[in-house]
Amino acid sequence: MVKNPSSIPRNTDQKQFLTILSREEALARFEAALFPWPVPTETLRLAEALGLALAEDVVAQVDVPPFDRSNVDGFAVRAADLVAASDLQPVRLTLNMETIACGSLPQLAVLPGTATAIATGGPLPRGADAIVMVEYTQPAEGAAIEVWRAVSPGQFVSSAGSDMARGEVVLRAGSVIGAREIGILAACGTAQVTVARKLRVAVLSTGDELVQPGEPLQPAGIYDANGPIVSAAVTENGGEAYFLGAFPDDEARLETAMREALDSHDVLILSGGTSKGAGDVSYRIIGRLGQPGIIAHGVALKPGKPLCLAVCDGKPVIILPGFPTSAMFTFHDMVVPILRRMAGLPPRVDAQTSAQLPFRVPSELGRTEFVMVSLVQGRDGLMAYATGKGSGAITAFAQADGFIRIDAFVDHLPAGAQLPVTLFTPQVKVPDLVVIGSHCTGLDLVVGKIARQGISVRSLAVGSLGGLAAAKRCECDLAPIHLFDPQTQVYNTPFLGEGMELVPGWRRIQGIVFRRGDARFEDHAAPEAVEAALADPECMMVNRNQGAGTRILIDQLLGQKRPDGYWNQPRSHNAVAAAVVQKRADWGVTIGPVARAAGLGFIPLTQEHFDFALVADRKERVAVQAFLAALLSPDMQEALERAGFSRAC
Ligand code: AMP
Ligand code: MG
């Protein structure tokens, strides 16, 4: 949505973060302003209480078991009768004329010299003090048994109250109710329990640009990711999330929504609009919602500096940063501990492992930094690849296995550092096949095929050179590469290191993209098209980053010319297409399948070789063989061709 320019505050209106608090200081102040918090409770039936924390101790109202009980199938006896019993000299006992099953009350006493048949769980009859297992007896003439094993008093008997004694505290307040706790409660006859009720958490997104998933995306619009993310994370942490929608950056409307949300919920969590910049209004409203208001605005976290923590008349109001990754980290690090404490739940415990860094990781001094990592098996243990694409990238979460934390006063972590990694999952999952290097949509087709065969694949996009370095360190099976050697005029082979083999992949046609109908390009061969573009001062290009294979091609096309747009140097094929589609540029160079998917006109220039450097040592692994078979299969070759790639040879 385009704003009326007069309504956009100028830079001079932007306040700065006056006081940035350390993460620890911000948390301490927030907790001091919020606690003690009167934990709201409710009484629920057992099944409804699953996952909630007990608000009170639970005291057993009966003994469990309620009577002395047999633990085995056998005979209730007097131990004293069997003192002399042995294989050679069995003792004969007369049977009482009853059998004690579960739930049946014994009628006859076990007198000296007698025994009563009893089932597992049967109540011990009067006079009996032990059970002899049926395996050590045999029927004898005249309604009797012979026993060839002595028993000690109390053997195979659970006495009344031995499991839980009446009056004993069987579960303490704060215990989280799971299946085992439900078992304990049911066994002592408890049908309902008083628990800390789920926190009612209102979730609200802010931003003029936000569009709900499922709706068509407007120009300059962004799908609202934080609403669903925060709601799900609240639920994962035992709360009840109420997503109230996305609101535009309109102070009056937002204030009404925030007041209503706060009236009927325990907690209010917003995202966006906290940066103290143009259009950021949410934090301004908080001061009017209740006392003491903002506790921390600006926390030394990366990502997540704009986090705003407030307490309004006893209820927490939190504004998470707008970028989804920042929102998630600040939520987990700063908000989850508070929500759990408010809900009477114990602190969250995340699984951890230890891994080594393949690269140096720089870090900003003065901010606690979280860096997402993907784990792969290296020569001497797990390696942690930083997957960060910046705080605006959401896919990093899907590729990451966990994160490392870099303390505020550390400015970098050296390559080779061994570090604790907090896992997103309960255990480390090392994939069957690791592919590290350049990315291509064709690769998704091959990986998709073997994934459907049940092979787990981790594919990390770190560029061709990064892939070769990983292959050299034996951290991947295959490194996808597309590197042109101008000296030999050969693709990829000259770049292979020791112990690597080239697996031919496919060819990608590079070409000029333009919007259909543009007479400067339509129906022209490449040299004329470039000439026309360069002759027109209005014609804007989009370039590629230094080091990209495509860039070498563009520089060859341009010679010494530096047309308008030359310094716009995005890092991907898709970004080139998007710039042309959105009219930020009129032409650029990208690969055929991307041009086709974007609906752009395409003038072919040359073929690029997209191949794989295979770590020879790992060739015989099942997953590698499956990859090679999938790559060469006729249906894959057809699928690649349909997607716009051509055969390697
Ligand atoms: P803000 O803090 O409002 O300035 O937002 C910072 C960045 O996060 C902007 O690029 C926003 O478009 C983006 N953003 C804000 N809210 C959301 C959301 N709910 N989902 C996805 N992106 C968002
Ligand atoms: Mg915003």
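Structure first, text after, so check above.
The structure reproduced in this document is the subject of the present report. (Residues numbered from 1 in each chain as written. Chains lettered and ligands numbered in written order. Predicted model: local features only at pLDDT ≥ 70, side-chain atom pairs only at ≥ 80, totals over all residues. Heavy atoms only, no water.)

What the protein contains, in helices and strands, is 15 helices and 37 strands. Radius of gyration (C-alpha) of the protein: 35 Å, far over the 26 Å computed for a compact globule of 649 residues. Along the first, second and third principal axes, the C-alpha atoms of the protein reach 120 × 65 × 45 Å. Scored against the burial criterion, the 649 residues of the protein give a buried share of 49%. Looking at the protein alone, contacts between residues at least 24 apart form 73% of all its contacts between residues at least 6 apart. As displayed, the protein offers around 30,700 Å² of accessible surface, 54% of which is attributable to carbon and sulfur atoms. Once the 57 positive and 68 negative side-chain charges of the protein are each reduced to a mean point, those two points are 4 Å apart. (Helix = DSSP H or I, 4+ residues; strand = E, 2+ residues; numbered from the N terminus. Rg over C-alpha atoms; globule rule 2.2 N^0.38 Å. Buried < 20%, exposed > 50% of the residue type's maximum accessible area, 1.4 Å probe, protein only. Contact = heavy atoms within 4.5 Å. Areas by Shrake-Rupley, 256 points an atom, 1.4 Å probe, with all protein chains shown as cover. Lys, Arg positive; Asp, Glu negative; His and termini not counted. Charge placed at Lys NZ, Arg CZ, Asp CG, Glu CD.)

Moving on, we come to the site of ligand 1. Close to ligand 1 lie 17 residues, the nearest being Glu209, Asp224, Ala225, Gly273 and Gly322. In the environment of ligand 1, an oxygen atom lies 2.5 Å from a nitrogen or oxygen atom belonging to the side chain of Glu209. Note that a nitrogen atom of ligand 1 is positioned 3.4 Å from one of the backbone N or O atoms of Asn226. Those elements giving two or more residues to the shell around ligand 1 turn out to be strand E13 (200-206) and strand E15 (222-223). Along the lines of polarity and charge, the residues of the shell around ligand 1 split into six nonpolar, eight polar and three charged. (Near = heavy atom within 4 Å. Polar contact = N/O pair within 3.5 Å; in protein donor to acceptor, adjacent residues only side chain to side chain. Nonpolar A, V, L, I, M, F, W, Y, C, P; charged D, E, K, R; others polar.)

Axis separation between helix H8 (residues 441-452) and helix H14 (residues 622-632) bottoms out at 9 Å; the angle between their running directions is 120°. When the axes of H8 and H14 are compared, the pair comes out oblique. When the axes of H8 and H14 are compared, the crossing they make is right-handed. On H14, the residues touching Leu443, Val446, Lys449 and Ile450 of H8 are Ala626, Phe627, Ala630 and Leu631. Of the residues contributing to the contact of H8 with H14, the split by class is seven nonpolar, no polar and one charged. (Axes fitted to C-alpha atoms, helices over the stretch in contact; angles between N-to-C directions. Parallel < 35°, antiparallel > 145°, perpendicular 65-115°, else oblique. Left-handed = near helix turned anticlockwise from the far one by under 90°.)

Our focus in this paragraph is the environment of Glu538. Along the polypeptide, Glu538 turns up in the loop between helix H10 (526-535) and helix H11 (549-558). Residue Glu538 is classed as exposed on the basis of its relative accessible area, which comes to 68%. In sequence terms Glu538 and Ile100 are 438 residues apart; their C-alpha atoms lie 100 Å from each other. Those residues in contact with Glu538, other than ones at most four positions away along the chain, are Arg520 and Asp586.

Turning next to the pattern of salt bridges. Taken as a whole and judged by the stated rule, the model has 28 salt bridges. With its nearest N and O atoms 3.0 Å apart, the salt bridge here joins Arg473 to Glu475. Judged by relative accessible area, which is 26%, Arg473 ranks as partly exposed. Overall, the relative accessible area of 3% leaves Glu475 in the buried class. When salt bridges with common partners are traced through the structure, they connect Glu251, Glu255, Arg259, Arg284 and Arg288 into a single cluster. (Salt bridge = Lys/Arg side-chain N within 4 Å of Asp/Glu carboxyl O.)

Another aspect to go through is helix H15 (residues 634-642). By the burial criterion, the buried members of H15 are Met636, Gln637, Ala639 and Leu640. Buried residues of H15, viewed axially, fall in a sector of 160°; they line one side. Turned more than 90 degrees off the buried face of H15, the exposed positions are Pro634 and Arg642. Backbone geometry just downstream of H15 places Gly644 in the positive-phi region, at approximately 105°. (Arc of directions from axis to C-beta.)

This brings us to the packing of aromatic side chains. Across all of its chains, the model carries 14 aromatic pairs by this definition. Grouped by ring-pair contacts, the aromatic residues Trp506, Phe610, Phe612, Phe627 and Phe645 constitute a single cluster. Geometry around Tyr136 places Arg149 over its ring, the cationic atom sitting 4.1 Å from the centre. Its end group placed over the ring of Phe35, Arg341 keeps NZ or CZ at 3.7 Å from the ring centre. (Phe/Tyr/Trp six-rings, centres within 6.5 Å; stacked < 30°, edge-to-face > 60°. Lys NZ or Arg CZ within 6 Å of the ring centre and 35° of its normal.)

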